[in-house]
Amino acid sequence: MRVNFTVNGRPHEADDVWEGESLLYVLRERLGLPGSKNACEQGECGSCTVRLDGVPVCSCLVAAGQVEGREVVTVEGLADYAKQRAESGGCASGACGNGGTSVGDAQRWQAEPAGTDSQTGEQGELAPIQQAFIDAGAVQCGFCTPGLLVAADELLERNAEPTDADIREALSGNLCRCTGYEKILDAVRLAAARGEAATAGQGA
Amino acid sequence: MGDVTRTPTNLTQGSQTRGGIGESTLRPDGTLKATGEFAYSSDLWHEDMLWGHTLRSPYAHAEIRSIDISEALQQAGVYAVLTYEDLPTEVKNYGLEIQDTPVLAHGRVRHHGEPVALVAADHPETARRAAAKIKVEYAELPVVTDEASATAPDAPLLHPGRDDHHSGHVTHPNIVHRQPIVRGDAEAARTRADVIVSGEYEVGMQDQAFLGPESGLAVPAEDGGVDLYIATQWLHSDLRQIAPVLGLPEEKVRMTLSGVGGAFGGREDLSMQIHACLLALRTGKPVKMVYNRFESFFGHVHRHPAKLWYEHGATRDGKLTHMKCRIVLDGGAYASASPAVVGNASSLSVGPYVIDDVEIEAIALYTNNPPCGAMRGFGAVQACFAYEAQMDRLAAELDLDPVEFRQLNAMSQGTVMPTGQPVDSPAPVAELLRRVKAMPLPPQKQWESAGESADVRALPGGLSNTTHGEGVVRGVGYAVGIKNVGFSEGFDDYSTARVRLEVVNGEPVATVHTAMAEVGQGGVTVHAQIARTELGVTQVTINPADTQVGSAGSTSASRQTYVTGGAVKNSCEAVREKVLEIGRRKFSTYHPAWATAELLLEGGKVVTDGGEVLADLVDVLEDAAIDLELEWRHRPTEPFDLHTGQGQGHVQYSFAAHRAVVEVDTELGLVKVIELACAQDVGKALNPLSVVGQIQGGTTQGLGLAVMEEIVVDPKTSRVRNPSFTDYLIPTILDTPTIPVDVLELADDHAPYGLRGIGEAPTLSSTPAVVAAIRQATGLALARVPVRPEHITGT
C-alpha cells in the first residue's frame, strides 16, 4: 500500500508498504529517519516515541496505515519544532495550557532544513531539551535518548515547571539502562530552569 | 563501500572545548546522539541489502532428526537458507575461551533458543515467515537443570568428549571449571569463634537488557572478504572467532564498530556476527540482521544464577575468625565466560574483609539452561549478595551495629587476599562505609510532606494507588563490595593506541585511533581528554574503532579507561617525545632550556616545567605528521593454583559502599526504594560527570536485581518464560530513587593518573544494601534475589 503523511513538517509518500509494518519501520527503513529507536518493538521501552498529531506515542505500536494524512514529529525534527514553538511565544504552537498541541496547530507547523553539523558534534541548532541532555550528562549509550527527548519536550510544553514527581511520571514509559535516570532528571530540570530564565528575560 | 549509509563517523571536538583530564568535558558523540544522527548498528542501510533471520530451537534439549528447508527456499523474496551443512570450513564452533558453541546446531540443541538455521530475504517479515516454513524434526531429551541433575551418575553429558584445558581438573564433565581456594586453617580457626553463622543464598538469572538490539550489517567485498559493521565489546575477539568459521584470513574480515546501544557484558560473546557474514558471502549481497527484544533474550548470555553456601565465625568482640563457602554458578549450555566468572567468584568470595583462614570452592555447571557469561560485576555480584547478608546476620548475633561490625573487619592497603595477593593500593573500605553512613537520611514519610493528601507516586505501588501510607514501614540497609579491575589470572591484557599529531589549518590537531568499543561508558570522551592533557592541543579527532588498528581488548572488567586510556596516554607520551626531538633539532641553539629543562606541551606550545614558552607547536611541527601505534600493558598477573587458589591473580581492586532506604507495603509486599546512596573510591576521576553517571547506572542495575529482574526458566523444561520487557522488568524512572554519590579519589600509583576502574563496583553492593533494608523493615530473612512480593507477604 501507499501511505502519505507528514514527517517533521515535510510531506512524505511511502510506497510498497506491507500492511503489517509499523510507523517505526516506515520511518527507519523507508524514509531514512532511524533516529527513533527499535529497542523492544512491543511498546514497553519508549525508545521509539514520536509525536502523532502532537500526542506522544510508541511508533512501534502504530500501524503505518494509521498515519495516513497525519503529522509526525521525530527526534530529527525536534530542534525545528522547538524553534517554531519559541517563535510563537514560547508556547506549544500556540496551544500551551490546553494540555499539548492541537491537531490543527501540529499540522500547520513547518520544518526548516536541519542545521546540525554532524561532523563537529558541537555545533548546529538544538532544541533546549537536547542541549540540556548533553550538558547534564544524560546521554550515555544514547539509545533511549531520542524517545526520552520527545517525551521530555512534550512534558515541558504542557508543564513548564514540573516537579520531580511530574518528571518521573511523564518519563515512566521510557526505559534507560545506562544512567540510573538521575542525569535525565537533571537535564529536564535544567531545560525547565533555562526556559524559565528565558521567559523572565523576555518579560524584563 | 560508498553505498553504505549511516556508518560511523569521526568525532571531532573543537577548540572551544579545553578540557583535559579531571574536567567534566561533554561527550564528543553527545550531539549526534541527541539529534538522532548517531549511527547504531541497527540503523545501517545498504542499497539492495537483504534481511537475515535466525530460526531457533523451541526446546532446551533435543536431538535434531532432520531439517527440511525446501519449502522455505521456495518462498518469493528468499535468497538463502543455511543450516549446519552449509558451514564452509571444518571450524564449526566458536567461543570466548572454550570453542564449544555451534555456529548452527548439529544434530542436537542444548538450550532453548539455540540457532538452528538462517534465512536471508528481501524483507524482514518475508525472512521470518520463511523461517517458519523450515521443518525441523526434534526428539526431546531429558534436561539437565541444576547441580544434582548435572552431576548425577547417569546425567546426560552436555559436551561428551571434552578436551578443553579445564576438562582435566574438574570432578565431572558437566562442570565447566572448578576453583578451590585454601588459605590458613579454617577448621582450627573455627574453634576460636564465639558465634558461627551459616546460610544458603540464591541469586536469580539477570539480563543485561541493553536497549540497542543485537544487530549489524555484513557487506561482501570484491576480494572475497567481508566488511562487517557491528555492535560489540571487543572487535578483535570477535574477529578471532569469526574468521576461521568463514575460512577467511583475518585481514579479509574488516570490522568497524557501529553505534552500540549499551552492553554490560552481553556483547562479549558473538551473536549474529558469523550468521550475517555467512548469509552475505552466500548471497553476494549485503545482509542486515536485527534481533527484536524477544530474540535478544535468546541472543546473548546472561548473569549466572547462583546458589551460595556460606559459613562465617566471629569472636564476641566482633572479629571474623574464618569463612567457608561453596558457590555453584549455572553456566547453561555453553562455556562462554564461565571459567573466568568462577575465578572471580572464588577469589572475591571473602569480600572486602580481613579473614586469614578460608576454605572456598566455586564451580560453574553445564546445564540445559540458557548460557550464562559476562554481566557487569562478573561473579563478584553473586558473592557480594551472600557475604553481605552474612555480615548483617553476624552483627545481629553479636548485637553490634552492622556498619561498625563491617568496619572492624574491613580490609585496607596491605591486607592479603585469600589468594595470597597483597592489596598494594588504597582500600578505603571502612572510610567508604563511614561516608555513606554520614550522608543525611531522607525525611520520614515524605509522602505526607507534600500536603494534605499523600502523593502516591512516592509510595510503594505508586500510581496503582494501593496505599496512602497504611502498612508502610521503612528500613535502612548497608553493604560494601570488592571487584577486580582488568582481565586476571595471567591474561595478556594489553591495548593499542595510534596517535597522530599534525598541523591542520594552522592549528595542531591530535587524532586518536583505537579499537576500543565505545558502548556508552564515555571512553571516547576520556581519550580526547588524555590527548589534550598530554599533547597540549585543544582539537582532537577520535577515529571510528575498527580492526585496522591493533586490539584494544574488551570493554569490560571496568578496564577500558585504565588499559586503553593507558595506551592512549602512552602513545601520546611517545608522540610528545618525537615532537621534542624535532624541537631540539630545530631550536636548541636558541635556548638552553631545550637541553636542560623538563619540557611539556601546553596550550599548543612547548613549555618548560617552569612555565616558560619555548616554541609554538605549529612551528615545531610545520609539515611533519607524527604518527605512532603502540601497545601498552598493565603489570602482569598470574593464574590461580588449581588446588590452593594461590596466585597474584588480579591487577587492581575497586570498592564501593551503598546505603539503601526503602519503604515496604507489608500487606502487598511492594517495595519503594526511597534513596540509594553510594560512596566509591575512583582513584582519580578523569571525567567526574561520567564517573557519577557510571556509579548511578551501576547502582540502578543492582536495584533491579534486588527487587525485580529475573529471567524465569521453567525448572521442568529449561525454557525461558519471560523473554520480553513486558515480563522481564527493569527499573523505570519511577522505580529508581535519588542516588547521591560521594566520590573518593585515592590514587593507585600503579595505574595511569592513579585511576581506578569504576564501572562494576557500584553494581555489587547496591543489591545487598536494598535487601538489607527490606530485611530491616520487615524482619524477614530474604535469602534470595530478586525479592518478590510473595516473599514479603508469605503468600
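Residues numbered from 1 in each chain as written. Chains lettered and ligands numbered in written order. Predicted model: local features only at pLDDT ≥ 70, side-chain atom pairs only at ≥ 80, totals over all residues.

Draft legend 1. Quick peek at the overall build of chain A. Across its full length, chain A carries seven helices and five strands. Within chain A, the proportion of its 204 residues that are buried is 57%. Sequence-distant contacts, at least 24 apart, represent 62% of the contacts inside chain A between residues at least 6 apart. (Helix = DSSP H or I, 4+ residues; strand = E, 2+ residues; numbered from the N terminus. Buried ≥ 20, exposed ≤ 12 C-beta atoms within 10 Å, placed from the backbone. Contact = placed C-beta atoms within 7 Å.)

Draft legend 2. A look at the nonpolar core. Ranked by internal contacts, the top residues of the largest apolar core, which has 312 residues, are B:A117, B:V119, B:C277, B:A531, B:V662 and B:V770. With sequence-adjacent residues up to four places away left out, B:V662 is seen in contact with B:G475, B:V671, B:K672, B:V673, B:I674, B:V770, B:A773, B:I774 and B:A777. (Core = buried A, V, L, I, M, F, W, Y, C linked by C-beta atoms within 7 Å.)

Draft legend 3. Spotlight on the sheet that holds strand β29 (residues 613-616) of chain B. Residues and elements named next belong to chain B. Within the open sheet, the three strands sit side by side as β27-β28-β29. Their pairing is antiparallel. One side of each edge strand has no neighbouring strand; the edge strands of this open sheet are β27 (599-602) and β29. With strand direction ignored, the average angle separating the axes of adjacent strands in the sheet is 25°. As judged from the three bridges shared by strand β28 (residues 605-608) and β29, these two strands associate in the antiparallel manner. Bridging from a neighbouring strand, V606 pairs with A615 of β29. (Pairing = 2+ DSSP bridges. Axes fitted to C-alpha atoms, helices over the stretch in contact; angles between N-to-C directions.)

Draft legend 4. Examining the UniProt feature "domain: Aldehyde oxidase/xanthine dehydrogenase a/b hammerhead" (unreviewed entry) in chain B more closely. Listed under "domain: Aldehyde oxidase/xanthine dehydrogenase a/b hammerhead" (unreviewed entry) in the UniProt record, and renumbered for this structure, are residues 35-142 of chain B. Helix makes up 13% of residues 35-142 of chain B and strand makes up 37%, while its end C-alpha atoms are separated by 51 Å. (UniProt positions renumbered as here; feature names shortened; annotations may be inferred.)

Draft legend 5. Highlighting the domain arrangement of chain A. All names here are of chain A. The domains assigned to chain A are domain 1 (3-73) and domain 2 (75-113 + 125-203). Tallying the contact residues gives 21 residues for domain 1 and 25 residues for domain 2. Secondary structure elements with two or more residues in the side of domain 1 that touches domain 2: β3 (49-52), β4 (55-58) and β5 (71-73). Residue contributions to the side of domain 1 that touches domain 2 peak at three residues, all from β3. Here the residues of the side of domain 1 that touches domain 2 sort into eight nonpolar, eight polar and five charged. (Domains from an automatic or database assignment. Nonpolar A, V, L, I, M, F, W, Y, C, P; charged D, E, K, R; others polar.)

Draft legend 6. Region of interest: the environment of A:R177. As for its placement among the helices and strands, A:R177 is situated in the loop between α6 (164-170) and α7 (182-203). A count of 27 C-beta atoms within 10 Å places A:R177 in the buried class. Taking the C-alpha atoms as reference, A:R177 lies 18 Å from A:V188; in sequence the two are eleven residues apart. If near-sequence neighbours (up to four positions away) are discounted, A:R177 is found in contact with B:A209, B:F210, B:L211, B:G262 and B:I730.

Draft legend 7. Here's a closer look at the interface of chain B and chain A. Counting residues at the interface gives 58 residues for chain B and 51 residues for chain A. For the side of chain B that touches chain A, the secondary structure elements donating two or more residues are β2 (11-13), α1 (30-35) and α18 (688-707) of chain B. The biggest single contributor to the side of chain B that touches chain A is α18(B), with seven residues. Here the side of chain B that touches chain A is composed, by residue class, of 21 nonpolar, 27 polar and ten charged.

Draft legend 8. How the structure looks around the domain arrangement of chain B. All names here are of chain B. Taken domain by domain, chain B holds domain 1 (45-141 + 213-260 + 267-299), domain 2 (383-485 + 649-793) and domain 3 (494-633). On a C-alpha basis, the centroid separation for the pair domain 2 and domain 3 is 39 Å. The interface is formed by 14 residues belonging to domain 2 together with 13 residues belonging to domain 3.

Draft legend 9. Expanded view of the pairing of strand β4 (residues 50-56) of chain B. All names here are of chain B. Across the seven residues that make up β4, a large majority, six, are buried. Note that β4 and strand β10 (residues 115-121) share six bridges and pair antiparallel. In the strand pairing of β10, G52 is matched with A120.

Draft legend 10. Up close: the sheet that holds strand β11 (residues 135-140) of chain B. Taken together, three strands build an open sheet; the order of strands is β9-β5-β11 (chain B) and the sheet is antiparallel. Of all the strands in the sheet, just β9 (108-109) and β11 of chain B have a single pairing partner and so form its edges.

Draft legend 11. A look at helix α19 (residues 761-778) of chain B. Residue and element names in this part refer to chain B. Here α19 is 18 residues long and its end C-alpha atoms lie 27 Å apart, about the 26 Å a rise of 1.5 Å per residue gives. The buried fraction of α19 amounts to 18 of the 18 residues, a majority that puts the element mostly inside the structure. Of the residues trailing α19, G779 is marked for its positive phi of about 75°. (Expected span 1.5 Å × (residues − 1).)

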